[in-house]
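Read off the chains here:
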Amino acid sequence: MAEKVKTVRGFRDLIGEEARKYRYVVDTARGILERNNFEEIILPTVEYTKLFARSIGEATDIVEKEMFTFQDKGGRDIALRPEGTAGVVRAYIENKLYADGTYKKLYYEGSMFRHERPQKGRYREFHQIGAEVLGTSNPLADAEIIKIADDILKALKVDATIEINSLGCKKCRPKYREALLQYLKEHREELCEDCQRRLERNPLRILDCKVEGCKLIAKNAPKITDYLCEECKTHHQKVKEYLKALGVEFVENPYLVRGLDYYSKTVFECVSEELGKTVIAGGRYDYLVEELGGPPTPALGFAAGVERLMLLVKELPKRPPLVLVIPFGGDREREEALKLAHRLREEGIRTELSYREGKIRKQFEFANKIGADYTIVVGENELKEELFPLKNLHTREEIRLPLEEIVKILKTQSG
RNA sequence: GCGGUGGUAGCUCAGCUGGUAGAGCAGGGGACUGUGGAUCCCCGGGUCGCGGGUUCGAGUCCCGUCCACCGCCCCA
């Protein structure tokens, strides 16, 4: 045998049940977004590297070491997208979607790529379904975005805690940052190695550190919520008020920061205790559109991790019953069975035509193996009488009926 | 990128201090020639992840490498 080619590390196939689970998660989320009147945007998988450098942040791990980057034949620096927001914003600006003066609600779905060490629920090609609202600073939008995330979790029966926080704006964040930095510098010696590095690069993340010593320091650190300006405070207050009005449960986490540089004001994460990981996360990014060359445009959104949600989905919707049509006899019977199977399929009935030859006993073993719920044998007698035996494999009951009667029965069960 | 565990049949795994690879399940056939999941009998299956080394001899020991999984970093 020739050498076998395998999947690339961190990449994988989704087959059968796994593929159906993938579709179930994505379709469920799409349905909720569609009924909220979000419009789908289908984006390219690659963008110029600088788009991500400028949006996600030059100093983030994603940009520094996790992107799949390459030069195309024209020498352009290109990256496989590590997330979706940057592309949406680029498209929003490039297509001047702001031109009609309204806000825009967009959603996307697809592969993202990060060159990380693979683990369960974390692959180098993974999938996100995300939503973005561009062109409004109304806290109603913040509340609705979080409500949608909550609806998706509920629809999938996934348990997760919604944590929210506000990161403030251009006016108040610098003051907070200053106070935090000062406090942290006083405790520099007690911080873990990683956090000492973060002190220079991204001090906010220290609040999020899992090392016990750092947690203690974080606990007594100044809280962003105490530093919010009037506008941010009111905004945050409104968001929480609306969420309560909607009955969305959440907890406030003053230590919640996000890893991407572009966030401002509202941030939130839906954390699964079972996984110990975040499954949906998002927030506001009021400056990003402008930073990427568009007009000043407040915006916000979230991204849901499809693989992580898949790990938490326990039950898939049932497929409609499967009918196996079994030809029995010779050429004439095979041909009639072929036609009969397609008659059932015309009616939307999930039907398999047996390609197996041989003993009838083997045909029934085959029916079990493929998980059929019903069989219909098409043989000489059946064709003569124009009556076909519809057998329920679970109850083992068999009734002989004209084809159109069988169609009626199966159709009612095929949703 | 760092630390750890593990890769033997389609699947789950056994294989002692190195001595020529096994079980259960699954699969194929038959007992049972127009009605299945049971039982019994028979059968096929493996470059022991890959490459190198030590050795008369390596699934077993050593080195390297790839992959999966766990933790960290990071993140959805």
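What counts and how
Residues numbered from 1 in each chain as written. Chains lettered and ligands numbered in written order. Predicted model: local features only at pLDDT ≥ 70, side-chain atom pairs only at ≥ 80, totals over all residues. Heavy atoms only, no water. Helix = DSSP H or I, 4+ residues; strand = E, 2+ residues; numbered from the N terminus. Rg over C-alpha atoms; globule rule 2.2 N^0.38 Å. Buried < 20%, exposed > 50% of the residue type's maximum accessible area, 1.4 Å probe, protein only. Contact = heavy atoms within 4.5 Å. Lys, Arg positive; Asp, Glu negative; His and termini not counted. Charge placed at Lys NZ, Arg CZ, Asp CG, Glu CD. Near = heavy atom within 4 Å. Polar contact = N/O pair within 3.5 Å; in protein donor to acceptor, adjacent residues only side chain to side chain. Core = buried A, V, L, I, M, F, W, Y, C linked by side-chain atoms within 4.5 Å. Pairing = 2+ DSSP bridges. Axes fitted to C-alpha atoms, helices over the stretch in contact; angles between N-to-C directions. Parallel < 35°, antiparallel > 145°, perpendicular 65-115°, else oblique. Left-handed = near helix turned anticlockwise from the far one by under 90°. Nonpolar A, V, L, I, M, F, W, Y, C, P; charged D, E, K, R; others polar.

Caption draft 1: Broad picture of the overall build of chain A. A tally of regular secondary structure across chain A gives 15 helices and 16 strands. What you see for chain A is a C-alpha radius of gyration of 28 Å, clearly larger than the 22 Å of a compact globule of 415 residues, by over 25%. Its C-alpha atoms give chain A principal-axis dimensions of about 90 × 55 × 45 Å. Residues classed as buried in chain A amount to 50% of the 415 residues present. For chain A, contacts bridging at least 24 residues in sequence account for 68% of all contacts bridging at least 6. Treating the 71 positive side-chain charges of chain A as one cloud and the 70 negative ones as another, the clouds have centres 2 Å apart.

Caption draft 2: Representation of the protein's contact with RNA strand B. Close contacts around RNA strand B come from 46 residues, with Arg114, Arg198, Arg258, Asn368 and Arg396 the closest. Separating a sugar or linking oxygen of RNA strand B from a backbone N or O atom of Val279 is a distance of 2.8 Å. At a separation of 3.0 Å, a base nitrogen of RNA strand B approaches a polar side-chain atom of Glu398. Elements that contribute at least two residues to the surface near RNA strand B include exactly α3 (61-66), β6 (125-134), α7 (193-201), β10 (277-284), β11 (299-305), α13 (360-369) and α14 (380-385). Examining the composition of the surface near RNA strand B, we find that seven residues originate from one element, α13, more than from any other.

Caption draft 3: Broad picture of the nonpolar core. Val89, Leu134 and Leu207 are the most contacted members of the largest nonpolar core, which totals 58 residues. With six residues, helix α4 (residues 85-94) is the largest single contributor of residues to this core. In this structure, Val89 is in contact with Leu134, Tyr285, Leu288, Val289 and Leu292, ignoring residues within four places of it in sequence. Listed in part, the 41 residues of the second largest apolar core include Tyr22, Ala29, Ile32 and Val133.

Caption draft 4: A look at the sheet that holds β6. Read across the open sheet, the eight strands follow the order β1-β5-β6-β11-β10-β9-β7-β8; overall the sheet is mixed. Edge positions in the sheet fall to β1 (39-40) and β8 (251-252), since each of these pairs with one other strand and no more. The pairing of β10 with β11 spans five bridges and is classified as antiparallel. When the sheet's bridge partners are listed, Gly283 is paired in β11 with Gly301. Lying over the sheet, α4 contacts β5 (104-113) and β6, oriented at roughly 45° with respect to β6.

Caption draft 5: Local environment of the pairing of strand β16 (residues 398-401). Here strand β15 (residues 388-392) pairs with β16 via four bridges, running antiparallel. Pairing of Pro389 across the sheet is with Arg400, part of β16. The hairpin turn running from β15 into β16, its antiparallel successor, is five residues long, and Arg396 in that turn takes a positive phi close to 65°.

Caption draft 6: Expanded view of the packing of helix α5 (residues 139-155) against helix α9 (residues 230-246). Running from N to C, α5 and α9 point in directions that differ by 45°, and their axes come no closer than 8 Å. With respect to α9, the axis of α5 lies oblique. The two elements α5 and α9 cross, and the hand of that crossing is right-handed. In this structure, α5 contributes Pro139, Leu140, Asp142, Ala143, Ile146 and Lys147 to the contact, and α9 contributes His235, Lys238, Val239, Tyr242, Leu243 and Leu246. A per-class count over the contact of α5 with α9 returns eight nonpolar, one polar and three charged.

Caption draft 7: The arrangement of unusual backbone geometry in detail. Despite not being glycine, Asn37 has its phi angle at roughly 65°, a positive value. Note on placement: Asn37 falls in the loop between α1 (17-35) and β1. Its relative accessible area of 59% is what places Asn37 among the exposed residues. Positive phi, normally seen in glycine, also occurs at Lys96, with a value near 50°.

Caption draft 8: Spatial organisation of the environment of Asp151. Turning to its location among the elements, Asp151 is positioned in helix α5. Owing to a relative accessible area of 14%, Asp151 belongs among the buried residues under this scheme. Put simply, Asp151 and His342 are 191 residues apart on the chain and 39 Å apart in space, counted from C-alpha to C-alpha. Once residues lying within four places of it in the same chain are set aside, the contact partners of Asp151 are Ile32 and Arg35.

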